[in-house]
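Listed below, chain by chain, are the residues.
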Amino acid sequence: MAAVLTVKNLRKSFAPGFIPRRKEILKGVSLEVEPGEIFGYLGPNGAGKTTTLKCLLGLVFPDSGILTLFGRPHLSLSARQRLGYLPESPYFYDHLTAFEFLDFTARLFGLKKEERRKRISALLERVGLADAGRTPLRKFSRGMLQRAGLAQALVNDPDLLILDEPLGGLDPIGRKELRDIILEQKRQGKTVFLCSHILQDIEMICDRVAILVAGRIMSSGRLRDLVSEKIEFTEIEISGLKQEELAGLGESLAGQEGRILLKVVGEDKVDDVLSLVLSRKGRVHSLLPRSLTLEDLFLDTVKSS
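Keep in mind that what you see is a predicted model, and the values were worked out from it rather than measured.

**Looking at the overall build of the protein chain**
Right, on to step 1. Looking only at helices and strands, the protein chain features ten helices and 14 strands.
Right, on to step 2. Dimensions of the protein chain along its principal axes, counting C-alpha atoms only, are 75 × 50 × 45 Å.
Right, on to step 3. Residues classed as buried in the protein chain amount to 44% of the 305 residues present.
Right, on to step 4. The contacts of the protein chain with a sequence gap of at least 6 include a subset with a gap of at least 24, amounting to 67%.
Right, on to step 5. For the protein chain, the accessible surface area stands at approximately 16,400 Å², while carbon and sulfur atoms represent 51% of it.
Right, on to step 6. In the protein chain, 45 side chains carry a positive charge and 40 a negative one; their mean positions are 7 Å apart.

This is the structure:
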């Protein structure tokens, strides 16, 4: 199947302030997003993630490069009608209620009155705002505004959902609910393009990721290929032994109230630690194998770049 979203050699620069020399933000970005997948777009602040999205959405114009949505030019009206977008810092008409705001956005897509009513009621229920539909947006918390923003991104039942830092301002329950909504979109055959700094959530739900550093993609691929399941080391928390007795068995990470947290590399060393604790009549409080995580990959990629 053809890619839902294609970016080829995208370049974008800006002239900061009155300085005539332009600063290049995107330096030849290329990526493809396949139908029905959740694609994570990662990078540190200033890497160019939001600029990429703005180029795709026609909010800014690229210096060069090819951008397509559903196989059509990215500015095609028929392609843009199939998009849903939640910006990083959304701004709404705060004198409107949540229902009025969603009704306004639904009218932009030409939805009929009865269809708008049914869809808006269902969306408010889905994002957890059923009891706040008649409340002005100016009285909403940051997390509630994020929920309202997600509802407007879904109001046209989009085939491609673009989310820029959607988890900001949400408590753990809200993050869980939003992850569920994103996975629900995938089950319905929709495609999600997701920018986020919260790597744990990305690792939970994304099929593929790309890591952008200083305007260039430094790593991309399927998570299962990028993040190895091989155990890197084991953390063992013990008590009843002295620090010097553990010399050569692992790296001491922390210790409090008579406990020692030890980082042990290699299964043979783990066995040695457990045998020593048993012989000294000590106690093992926890034993936790650690494999490579997306956060480890992200930090290594950024540092090496």
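So that's the structure; there's more coming.
**A word on the sheet that holds strand β1 (residues 5-14)**
Backbone-to-backbone hydrogen bonds join strands into a sheet, with any given pair of strands oriented parallel or antiparallel.
Right, on to step 1. If you walk across this open sheet you meet the four strands as β2-β1-β4-β5, and the pairing is antiparallel. Bordering the open sheet on either side are β2 (23-33) and β5 (72-73), each of which pairs with just one other strand.
Right, on to step 2. Of the strand pairs in this sheet, strand β4 (residues 64-69) and β5 are connected by two bridges, and their pairing is antiparallel. Paired with Thr-68 across the strands is Pro-73, a residue of β5.
Right, on to step 3. Helix-sheet contacts for helix α1 (residues 49-56) involve β1, β2 and β4, and the interaxial angle to β1 is about 115°.

**Concerning the side chain of His-74**
Right, on to step 1. Of note, His-74 is situated in the loop between β5 and α2 (77-80).
Right, on to step 2. Here His-74 falls in the buried class, since its relative accessible area comes to 11%.
Right, on to step 3. The contact partners of His-74, leaving out residues within four places of it in the chain, are Cys-55, Leu-56, Gly-58, Leu-67, Thr-68, Leu-69 and Arg-80.

**A few points about unusual backbone geometry**
Right, on to step 1. In this model, Asp-157 sits at a positive phi of 50°, which is unusual for a non-glycine residue.
Right, on to step 2. One can find Asp-157 in the loop between α5 (142-154) and β7 (160-164).
Right, on to step 3. The partly exposed category is assigned to Asp-157, whose relative accessible area is 42%.
Right, on to step 4. Residue Ala-214 is not a glycine yet carries a positive backbone phi of 50°.
Right, on to step 5. Topologically, Ala-214 is positioned in the loop between β9 (208-213) and β10 (216-222).

**Description of the state of the cysteines**
Here, disulfide denotes a covalent bond that connects the sulfur atoms of two cysteines.
Right, on to step 1. For the coordinates displayed, the defined rule picks out zero disulfides.
Right, on to step 2. Here Cys-195 is not disulfide-linked; the sulfur of Cys-206 is the nearest cysteine sulfur, at 10.0 Å.
Right, on to step 3. According to the relative accessible area criterion, Cys-195 is buried, its value standing at 0%.
Right, on to step 4. By relative accessible area, Cys-206 is classed as buried at 8%.

**Some points on the pairing of strand β13 (residues 259-264)**
Right, on to step 1. Side chains Ile-260, Leu-262 and Val-264 of β13 all project onto a buried face; the interleaved residues Arg-259, Leu-261 and Lys-263 project onto a face where none is buried.
Right, on to step 2. Relative to β13, strand β11 (residues 231-239) is paired through six bridges, and the arrangement is antiparallel. Bridging from a neighbouring strand, Ile-238 pairs with Ile-260 of β13.

The rules behind the values
Residues numbered from 1 in each chain as written. Predicted model: local features only at pLDDT ≥ 70, side-chain atom pairs only at ≥ 80, totals over all residues. Heavy atoms only, no water. Helix = DSSP H or I, 4+ residues; strand = E, 2+ residues; numbered from the N terminus. Buried < 20%, exposed > 50% of the residue type's maximum accessible area, 1.4 Å probe, protein only. Contact = heavy atoms within 4.5 Å. Areas by Shrake-Rupley, 256 points an atom, 1.4 Å probe, with all protein chains shown as cover. Lys, Arg positive; Asp, Glu negative; His and termini not counted. Charge placed at Lys NZ, Arg CZ, Asp CG, Glu CD. Pairing = 2+ DSSP bridges. Axes fitted to C-alpha atoms, helices over the stretch in contact; angles between N-to-C directions. Disulfide = S-S within 2.5 Å.

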